[in-house]
Amino acid sequence: MKKQVFKRMNISEAAKASGLTAKTIRYYESIGLIKPARRLSNGYRSYSEEDISSLKLIHQLRGFGFSLSECEDLLSLYKKSDRQSRDVKAKVAVRLEQVRTKINELEQLADSLEQMLDSCAGDDQPECGIINRLVE
């Protein structure tokens, strides 16, 4: 089996391959989250296979709600051949706890909204329990 040779990609191809927009890729470069792409003689950006892998990782991490700072930390671990999986696991465990906390907060918010809905007749009268609760 021949190993497939990776063809470097321009920014639009990199965007399509990674699931990010070209604007987002340029932004990540501008803030130093990813290293600036190599430039061709015509000035166009040229992305390597490693660059695309990094962009895919960032896209996935952002989808899980990791902050840019957390993405930077995890990207750094991804690039370290001597990383310890416990370090990656610890960062994901922290994110999971944040998500569970947010879910709890949202459940409490939903309960409060249900109570407000129950306090209002929702008829053609001006009296509204929701308004009354909000101005208490």
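Calculation criteria
Every chain is numbered independently, its residues counted from 1 as its sequence is written. Side-chain atom pairs in this predicted model are given and counted only at pLDDT of 80 or more, local residue features only at pLDDT of at least 70, and totals for whole chains, interfaces and linings cover all residues. Neither water nor hydrogens contribute to the side-chain values; these are computed over all heavy atoms in the structure. UniProt positions are given in the numbering used here, feature names are shortened, and annotations may be inferred rather than shown by experiment. The secondary structure listing takes helices from DSSP runs of H or I that are at least 4 residues long and strands from runs of E that are at least 2 residues long, numbered from the N terminus. Values of the radius of gyration come from C-alpha atoms, whereas the globule rule sets the reference at 2.2 Å times the count of residues to the power 0.38. Buried residues are those whose accessible area, probed at 1.4 Å on protein chains only, stays under 20% of the maximum for their type, while exposed residues exceed 50% and partly exposed ones sit between those limits. Two residues qualify as a contact provided that any one of their heavy atoms is within 4.5 Å of a heavy atom in the partner residue. As used throughout, the charge tally considers Lys and Arg to be positive and Asp and Glu to be negative, leaving His and the chain termini uncounted. For the purpose of locating charges, the reference atoms are NZ of Lys, CZ of Arg, CG of Asp and CD of Glu. Two joining distances apply to patches: 9 Å for like charges and 5 Å for nonpolar side chains (Val, Leu, Ile, Met, Phe, Trp, Tyr), and every residue must have over 30% relative accessible area and no salt bridge. What sets the accessible areas is the Shrake-Rupley method with a 1.4 Å probe; for residues, cover comes only from the shown protein chains. Any Lys or Arg side-chain nitrogen located within 4 Å of an Asp or Glu carboxyl oxygen qualifies as a salt bridge. Polar contact is the term for a pair of N or O atoms within 3.5 Å; when the atoms are in protein, one must be able to donate a hydrogen and the other to accept it, and sequence-neighboring residues count only if both atoms are side-chain atoms. In this description, the term disulfide denotes a pair of cysteine sulfurs within 2.5 Å. A fitted line through C-alpha atoms serves as each axis, taken over the contacting stretch for helices, and the angle formed by two N-to-C directions is quoted from 0 to 180°. Between 65 and 115 degrees an angle is taken as roughly perpendicular, under 35 as roughly parallel, over 145 as roughly antiparallel, and anywhere else as oblique. Rotating anticlockwise by less than a right angle from the far helix to the near helix defines a left-handed crossing, while the corresponding clockwise rotation defines a right-handed one. Any residue that is not Ala, Val, Leu, Ile, Met, Phe, Trp, Tyr, Cys, Pro, Asp, Glu, Lys or Arg is counted as polar, Gly included; the first ten are nonpolar and the last four charged.

- Taking an unreviewed UniProt entry as the reference, the protein is identified by name as Cu(I)-responsive transcriptional regulator belonging to Spartinivicinus poritis.
- Quoted verbatim from the Subcellular location (unreviewed entry) field of the UniProt record, the comment on the protein reads "Cytoplasm".

### Focus on the overall build of the protein
Thought 1: In terms of helices and strands, the protein carries six helices and two strands.
Thought 2: Going from N to C terminus, the protein has its helices and strands arranged as α-α-β-β-α-α-α-α.
Thought 3: For a compact globule of 136 residues, the expected C-alpha radius of gyration is about 14 Å, and the protein comes in at 24 Å, more than 25% above that figure.
Thought 4: Projected onto its principal axes, the C-alpha coordinates of the protein cover approximately 75 × 40 × 35 Å.
Thought 5: Burial status across the protein gives 24% buried among its 136 residues.
Thought 6: When contacts within the protein are restricted to residue pairs at least 6 apart in sequence, long-range pairs at least 24 apart make up 46% of them.
Thought 7: Across the protein, 23 positive and 20 negative side-chain charges occur, with their mean positions spaced 18 Å apart.

### A few points about a negative patch on the surface
Thought 1: A cluster of acidic residues, Glu107, Asp111, Glu114 and Asp118, forms a negative patch on the protein surface.
Thought 2: Here Glu114 is to be found in helix H5 (residues 85-118).

### So, a nonpolar patch on the surface
Thought 1: Residues Leu106, Leu109 and Leu113 make up a contiguous nonpolar surface patch of about 270 Å² in total accessible area.
Thought 2: When its relative accessible area of 41% is taken as the criterion, Leu113 is described as partly exposed.

### Points about the side chain of Ser18
Thought 1: Along the chain, Ser18 falls in helix H1 (residues 11-18).
Thought 2: We classify Ser18 as buried; its relative accessible area is 4%.
Thought 3: Here the side chain of Ser18 touches Ala14 through a polar contact of 2.8 Å, landing on its backbone oxygen.
Thought 4: Engagement of the side chain of Ser18 in a polar contact is seen with the backbone nitrogen of Leu20, the distance being 3.3 Å.
Thought 5: Setting aside its immediate chain neighbours within four residues, Ser18 contacts Ile25, Leu55, Lys56 and His59.

### Some points on the state of the cysteines
Thought 1: Per the stated rule, a full pass over the model turns up zero disulfides.
Thought 2: The cysteine Cys120 is free of any disulfide, with Cys128 supplying the nearest cysteine sulfur at 3.4 Å.

### Considering the packing of H1 against helix H3 (residues 49-63)
Thought 1: Here H1 crosses H3 at 45°, and the two axes come no closer than 9 Å. For the element pair H1 / H3, the angle class is oblique. Crossing of H1 against H3: the hand is right-handed. Facing Ala14, Ala17 and Ser18 of H1, the residues of H3 in contact are Ile52, Leu55, Lys56 and His59.
Thought 2: Class assignment for the residues of the contact of H1 with H3 results in four nonpolar, two polar and one charged.

### Let's talk about the pattern of salt bridges
Thought 1: For the structure shown, the criterion picks out five salt bridges.
Thought 2: The partner of Lys91 in a salt bridge is Asp73, with the nearest N and O atoms 3.7 Å apart. In this pair, Lys91 sits in helix H5 while Asp73 sits in helix H4 (residues 68-79), placing the two residues 18 residues apart along the sequence.
Thought 3: Judged by its relative accessible area of 30%, Lys91 falls in the partly exposed class.

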